[in-house]
Amino acid sequence: MPVELDGVMYFATESLVWGGGRAFYDPGVGGRVLARAHLVSVGQFSDIAAQEMYREPGDDLDLTEVVTDGRAVLGDGRYETLVCPGAMDGIPVVTFTAPWSVNELEWNAPSAPYVRMLGSGLLEAGAWEPDTVARYLAACPGAAGQWSARDVADLIAIS
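Residues numbered from 1 in each chain as written. Predicted model: local features only at pLDDT ≥ 70, side-chain atom pairs only at ≥ 80, totals over all residues. Heavy atoms only, no water.

1. Quick word on the pattern of salt bridges
Note the cut-off: In what follows, salt bridge is the name for a side-chain nitrogen of Lys or Arg lying within 4 Å of a carboxyl oxygen of Asp or Glu. Runs of H or I in DSSP of at least four residues are treated as helices and runs of E of at least two as strands, each being numbered from the N terminus.
As enumerated under the stated definition, the model contains five salt bridges in all. Here Glu124 and Arg36 are joined by a salt bridge, their closest N and O atoms 2.9 Å apart. Taken together, the residues span a long stretch of sequence, with Glu124 in helix H3 (residues 112–124) and Arg36 in strand E4 (residues 32–36) at a distance of 88 residues. The residue Glu52 makes a salt bridge to Arg78 at a minimum N-O spacing of 3.8 Å.

2. Some details on the side chain of Arg22
Applied cut-off: Only protein chains enter the accessibility calculation, which uses a 1.4 Å probe; a residue whose area is less than 20% of its type maximum is buried, one above 50% is exposed, and one in between is partly exposed. Positive charges come from Lys and Arg alone, negative charges from Asp and Glu alone, with His and the N- and C-terminal ends not counted. Definition of a polar contact: a pair of N or O atoms within 3.5 Å, with one able to donate and the other able to accept a hydrogen when the atoms are protein atoms, and with sequence-neighbouring residues admitted only if both atoms are side-chain atoms. Here a residue-residue contact requires only that any non-hydrogen atoms of the pair lie within 4.5 Å.
By the element assignment, Arg22 lies in strand E3 (residues 22–26). Lacking a salt bridge, the buried Arg22 has Glu52 as its closest oppositely charged neighbour, with an N-O distance of 6.2 Å. Polar side-chain contacts of Arg22 include one of 2.7 Å to the side chain of Thr13. Polar contacts involving the side chain of Arg22 include one to the main-chain carbonyl oxygen of Glu14, which spans 3.1 Å. Ignoring any residue separated from it by four or fewer positions in sequence, one finds Arg22 in contact with Tyr10, Phe11, Ala12, Thr13, Glu14, Ser15, Leu16, Tyr54, Arg78, Tyr79 and Tyr114.

3. Here's the deal with the sheet that holds strand E7 (residues 91–97)
Definition in use: Two strands are said to pair when DSSP picks up at least two bridges between them. Axis definition: a line fitted to C-alpha atoms, limited for helices to the stretch in contact. Angles are taken between N-to-C directions and run from 0 to 180 degrees.
Strand order in the open sheet formed by three strands is E5-E6-E7, with antiparallel pairing between adjacent strands. In this open sheet, the two edge strands, each paired with only one partner strand, are strand E5 (71–73) and E7. Across the sheet, the mean angle separating the axes of adjacent strands is 25 degrees when strand polarity is ignored. Inspection of the sheet shows strand E6 (residues 81–88) paired to E7 by six bridges, in the antiparallel sense. Each bridged residue has a counterpart across the sheet, and for Val83 the counterpart in E7 is Thr95. Across the face of the sheet, helix H1 (residues 42–52) comes into contact with E6 and E7 while running at roughly 10 degrees to E7.

4. Quick notes on the nonpolar core
So the rule is basically this: Among the buried residues, those of types Ala, Val, Leu, Ile, Met, Phe, Trp, Tyr and Cys that are joined through side-chain atoms within 4.5 Å form a nonpolar core.
Counting residues in each nonpolar core, the largest one holds 45 residues, and the members touching the most others are Met9, Phe11, Leu82, Tyr136 and Leu137. The residues touching Leu137, leaving out its near neighbours within four places in the chain, are Met9, Phe11, Val115, Leu118, Gly119, Leu122, Ala143 and Val152.

5. Remarks on the packing of H3 against helix H5 (residues 149–157)
For the record, the criterion: By definition in this entry, angles of less than 35 degrees are roughly parallel, angles greater than 145 are roughly antiparallel, angles of 65 to 115 are roughly perpendicular, and the rest are oblique.
Two numbers describe how H3 lies on H5: the axes approach to 9 Å, and their chain directions differ by 70 degrees. When the axis of H3 is compared with that of H5, the two are roughly perpendicular. Where H3 approaches H5, its residues Ala112, Val115, Arg116, Gly119, Ser120 and Leu123 are matched on the opposing element by Val152, Leu155 and Ile156.

Structure representation (structure tokens):
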């Protein structure tokens, strides 16, 4: 399901899987984030988050703090901060990101396979045209100046 959130998506650090920068969400900065929401159980979300945090899956996360306060910090590593930017149809939208802000570290351009995967996912949500997705991804901090909208459009056209 397509979602538009307040904040900014940016690329930083280095993905061991994809190469290049990882995507992070900073809800504290003005802007618009195009995203795709999936309805998952607490257990499924907990397993996905544990894998991204390099933890053993199995224990359900207590989401009370993030749903109540909008943010919960589980550690200081990447993807160890939970954020709840709102709700859809009465169901809290919860994601994970880094504890740092967009301007607290050096940006790093994402790899072509990562950009293709992100762009394809946004297109599959069905709310945005390919040119909109391409311009959006190319403008994100870390990608801007490294990826043109045309380059991104070419990548997602072959997905």
